[in-house]
Amino acid sequence: MLHTPVIKRTLATLPKTYGGRYTVSLIPGDGTGKEITSSVQKIFKSENIPVDFEEVNDLEKAVESVKRNKIGLKGIWETPLTGGSKNIALRKQLDLFAGLSLYKSIPGISVKIPNIDFALIRDNVEGEYSGLEHETVPGVRELLKIVSKSNTERLARFSYDYALKNNRKEVVAIHKANIMKKADGLFKNIIGEIGTKEYPSIVNSAMIVDNASMQAVSKPHQFDIMVATNLYGNILSNIGGALIGSKSLIPGANFGTEYAVFEPGCRHPDVEIAGKNEANPTGLILSSVLMLKHLGLNEYAERINKATYKVISEGKATTKDIGGSATTTQFTEAIIDELKSL
Amino acid sequence: KRTLATSAPGKFTVSFIEGDGIGPEIATSVKKIFSAADVPVEWEACDVGPIIVNNNTAIPEAAIKSINKNKVALKGPLATPVGKGHRSLNLTLRKTFDLYANLRPAASLKGLKTTYSDIDFVVVRENTEGEYFGVEHDLGDKVEAIKLITQNSSEKVIKFAIDHAKFLGRPKVLVVHKATVQPLTDGLFYQVGKSLEKYQSNVKVEFELLDDYIHNSVKDPKKYHDYVVVAPNLYGDIITDLNSGLSTGSLGMTPSANIGEKVSIFEAVHGSAPDIAGKDLANPSALLFAAVMMLEHLGLNSHADKIKAAALKTIAEGIKTGDLGGKATNSIYTDAIIKNLSA
Ligand SMILES: Nc1ncnc2c1ncn2[C@@H]1O[C@H](COP(=O)(O)OP(=O)(O)OP(=O)(O)O)[C@@H](O)[C@H]1O
Ligand SMILES: Nc1ncnc2c1ncn2[C@@H]1O[C@H](COP(=O)(O)OP(=O)(O)OP(=O)(O)O)[C@@H](O)[C@H]1O
Ligand SMILES: [Mg+2]
Ligand SMILES: [Mg+2]
């Protein structure tokens, strides 16, 4: 079957440039957000990247701003235990249905298992994050997990298109259809059927989420692209982060049909270390690399990617979470110095 | 405090559900090892069906009678069809006997070289509700699956975790939740944990978001050595398989205990492994270690210790099944354990 990867079909439309410059909404979030976004801003400035940031940190304004600019770069907002995640609200309001994150070993970081390279695509707008909860009688509470055909179909197509575009070979659907036979059954079946019918060149398979979690820490090289419901995505993203060496190393992006918001793939605001100049901005820097590629600014993307990898692999100016002792500022400056010598 | 098996003079009778797939093979190993070790346990074969009663998956009356009478059962894996067919029998058993807590230890083993070396987790999983509630509605374009959290079950399982921490001498219990995204349901689980902060004076109750727990348990597992972790059903399910991956790299090693007020059922964490069934390739360790947990539960500690030591010695000698990277068949491994019992 003939199939052209029409990226437009599942990926956000590209923003317009004004005089060759892009405006990107910058949403720092909470915790270490301010520190890691400012690291990216400094790097962009030193490279004279044709991007102007429009900083907003209020949910309503952020949504408006992204609607205008079509593109955003974001840290993570903290969510209280009483609920009301602004992160989820933003993704839902902008209909950013696909959450992509990448798990690729970075040379120089000491880990148990080297040479890992897989992508995770998670549902971003429904599943266990539906927000539909109620108390039937005191002491008895229910949550409705939602899996819809329409959303799962677009998530499936997004995943296979991503596979084609990025030269990946296999998509595995992560589910728990032995227990949630209808909901997870629907998820698993749609991912499989769309793969088989519309993307015969990509292998599709399925794996139960608990087994996948176990496999991820013992034989992670078997994974190429995992596509998962919202909660399973959360779990696998945190396993993935730990495997690569730290939750702060993982690039990520949220895509809808109109907008794209780039944010760390392991979504932690790291409130405990906020303001200490300790945060590792790598996850957000690499997210900004994805963003530059999305904008077609590939040369800048390559340079930043290369400089970041170089600084990490040399190990002289790395942050605490990966065994170093540099501050966020020192790490950022080391990348900027490296960029100058490239 | 614990429910004991009925005993003939000097002997315990235990219901044995051998299960599907590799079940009968690994059951045979356990029986052989138990008889070689002179364990005072008599097995009562127990067939759990399934049968359908009022459109629900159920287990036959004879099995229910046997388990209720003996109070203790050992169980091999029961296969569940994916995306169709009868409800999980494992689930049905847990519901039938109200086995509200599922206890799953996972530790690195001396003599077994693995990627992660210093794992020592004890996890208690809520066993009767949550995402396993089993009610789903097909609404055309979408399906709704109901996750159920009750005050009552949350309280029973968290109390069990705290009591068990005290029993093990672990000073802390960690309640794992996702109340940020599920403030009512997981929020209830969290609040119940809060209300039990003073339940045992020498066990501290702490809390961690699922995300953080998962990340930290892989990145820095030592952090949890003095905790008993307790979580809602699905998280517990995933965490414990993850722990198998971290501790031994194989599902074939991890035992578990389903604890109820009247009855306890000990089982292997793994499934029926249809891919290797009937080939003498299965690792019987998980079921054997479940049987060892059962012996501890029955107070037969010296038999428990002896069997466990023999198995660990065998593995340390390099006699291992394929899932652990070894070449031994189930029978070779089993015979080697028996030899090591008297060594
Ligand atoms: N009160 C808190 N205490 C500790 N950590 C928190 C708290 N609130 C949020 N976090 C962290 O911030 C992340 C973002 O929270 P949020 O609930 O909005 O989920 P999210 O961004 O959709 O990401 P995910 O689905 O991966 O949880 C959480 O997953 C958690 O790691
Ligand atoms: N005791 C064991 N010894 C060796 N390999 C095992 C053992 N248990 C599980 N495995 C392997 O682990 C993988 C997962 O098997 P398992 O049967 O647990 O999962 P499953 O497919 O979910 O089965 P079920 O539907 O019965 O739960 C299989 O490849 C199997 O061969
Ligand atoms: Mg999170
Ligand atoms: Mg499981």
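Conventions and cut-offs
Residues numbered from 1 in each chain as written. Chains lettered and ligands numbered in written order. Predicted model: local features only at pLDDT ≥ 70, side-chain atom pairs only at ≥ 80, totals over all residues. Heavy atoms only, no water. Pairing = 2+ DSSP bridges. Helix = DSSP H or I, 4+ residues; strand = E, 2+ residues; numbered from the N terminus. Axes fitted to C-alpha atoms, helices over the stretch in contact; angles between N-to-C directions. Contact = heavy atoms within 4.5 Å. Donors = N, O, S within 2.8 Å, 3.2 Å for Na, K, Ca; no water. Buried < 20%, exposed > 50% of the residue type's maximum accessible area, 1.4 Å probe, protein only. Near = heavy atom within 4 Å. Polar contact = N/O pair within 3.5 Å; in protein donor to acceptor, adjacent residues only side chain to side chain. Areas by Shrake-Rupley, 256 points an atom, 1.4 Å probe, with all protein chains shown as cover. Nonpolar A, V, L, I, M, F, W, Y, C, P; charged D, E, K, R; others polar. Buried area = accessible area lost by both parts, 1.4 Å probe. Salt bridge = Lys/Arg side-chain N within 4 Å of Asp/Glu carboxyl O.

Looking at an unreviewed UniProt entry, one finds chain A named Isocitrate dehydrogenase [NAD] subunit 1, mitochondrial, with Hanseniaspora osmophila as its source organism.

Chemist: What is the right way to look at the sheet that holds strand β1 (residues 22–27) of chain A in this model?
Modeler: Strand pairing within a sheet occurs via backbone hydrogen bonds; the two strands may be parallel or antiparallel. Residue and element names in this part refer to chain A. Taken together, 10 strands build an open sheet; the order of strands is β2-β1-β3-β12-β11-β4-β5-β10-β8-β9 and the sheet is mixed. Edge positions in the sheet fall to β2 (51–55) and β9 (203–208), since each of these pairs with one other strand and no more. With strand direction ignored, the average angle separating the axes of adjacent strands in the sheet is 25°. The pairing of strand β4 (residues 98–104) with strand β11 (residues 252–255) spans four bridges and is antiparallel. Residue Ala 98 lies in a different strand from β11, and its bridge partner there is Phe 255. Here helix α9 (residues 282–294) sits on the sheet in contact with β1, β2, β3 (71–74), β4, β11 and β12 (260–262), set at roughly 170° to β3.

Chemist: Hey, could you run me through the coordination of the magnesium ion (ligand 4) in this one?
Modeler: Think of it this way: four donors in a tetrahedron around the metal ideally sit 109.5 degrees apart, and six in an octahedron ideally sit 90 or 180 degrees apart. Those donors, Asp210(A) (OD) and Asp237(B) (OD), are the protein atoms that reach the magnesium ion (ligand 4), and they lie 2.1 to 2.2 Å from it. Separated into two different chains, Asp210(A) in helix α7 (residues 209–218) and Asp237(B) in helix α7 (residues 233–247) make up a pair that spans both. Just as Asp210(A) is buried, Asp237(B) falls in that class too.

Chemist: Before we go on, may I ask you to explain the site of ligand 1 in this structure?
Modeler: What surrounds ligand 1 is a group of 19 residues, the closest being Ser85(A), Arg122(A), Pro269(A), Lys178(B) and Asp211(B). Surrounding ligand 1 is a set of residues that belongs to chains A and B. In the model, an oxygen atom of ligand 1 is placed 2.5 Å from a nitrogen or oxygen of the Ser85(A) side chain. With respect to ligand 1, the side chain of Tyr129(A) contributes an N or O atom lying 2.7 Å from an oxygen atom. Contact with the protein chains covers 91% of the free accessible surface of ligand 1, which is 590 Å². Of all the elements in the fold, those that place two or more residues in the shell around ligand 1 are α4 (86–93) of chain A together with α6 (210–219) of chain B. The dominant element in the shell around ligand 1, judged by the number of residues it contributes, is α4(A), at three residues. Among the residues forming the shell around ligand 1, the class breakdown is six nonpolar, six polar and seven charged.

Chemist: Looking at this structure, how should I read the interface of chain A and chain B?
Modeler: Each side of the interface is counted separately: chain A has 58 residues, and chain B has 60 residues. Of the roughly 5,000 Å² buried at the junction of chain A and chain B (both faces included), carbon and sulfur atoms supply 65%. When the area that chain A buries against chain B is broken down by residue, the three leading residues are Leu81(A), Arg141(A) and Lys181(A), summing to 15%. The interface formed by chain A and chain B holds one salt bridge in total. Ionic pairing is found between Lys176(A) and Asp237(B), a salt bridge with its closest N-O pair at 2.5 Å. Run the count over chain A and chain B and you get 22 residue pairs in polar contact (both at pLDDT 80 or more). Only β6 (133–137), β7 (140–148), α5 (149–165), α6 (183–198), α7 and α8 (230–244) of chain A provide two or more residues apiece to the side of chain A that touches chain B.

Chemist: Is there a simple way to explain the pattern of salt bridges in this structure?
Modeler: Note on pairing: side chains with opposite charge can pair once their charged atoms come close. In this structure the tally under the stated criterion is 37 salt bridges over all chains. The shortest N-O distance in the salt bridge between Arg157(A) and Glu198(A) comes to 2.7 Å. Linking Arg157(A) in helix α5 with Glu198(A) in helix α6, this pair joins segments that are 41 residues apart in sequence. The partner of Asp226(B) in a salt bridge is Lys172(B), and the shortest N-O contact between them spans 3.9 Å. Highlighted residues: Asp226(B) in the loop between α6 and β13 (227–231) and Lys172(B) in strand β11 (residues 172–177), separated in sequence by 54 residues. With a relative accessible area of 19%, Lys172(B) lands in the buried category.

Chemist: What's the story with the sheet that holds strand β9 (residues 136–138) of chain B in this structure? I'm lost.
Modeler: With antiparallel pairing, the four strands of this open sheet are ordered in space as β6(A)-β7(A)-β10(B)-β9(B). Each having just a single partner strand, β6 of chain A together with β9 of chain B make up the two edges of the open sheet. Within the sheet, the average angular offset between the axes of one strand and its neighbour, ignoring direction, is 25°. Alignment of β7(A) against strand β10 (residues 142–150) of chain B, held across nine bridges, turns out to be antiparallel. Paired with Glu142(A) across the strands is Leu148(B), a residue of β10(B).

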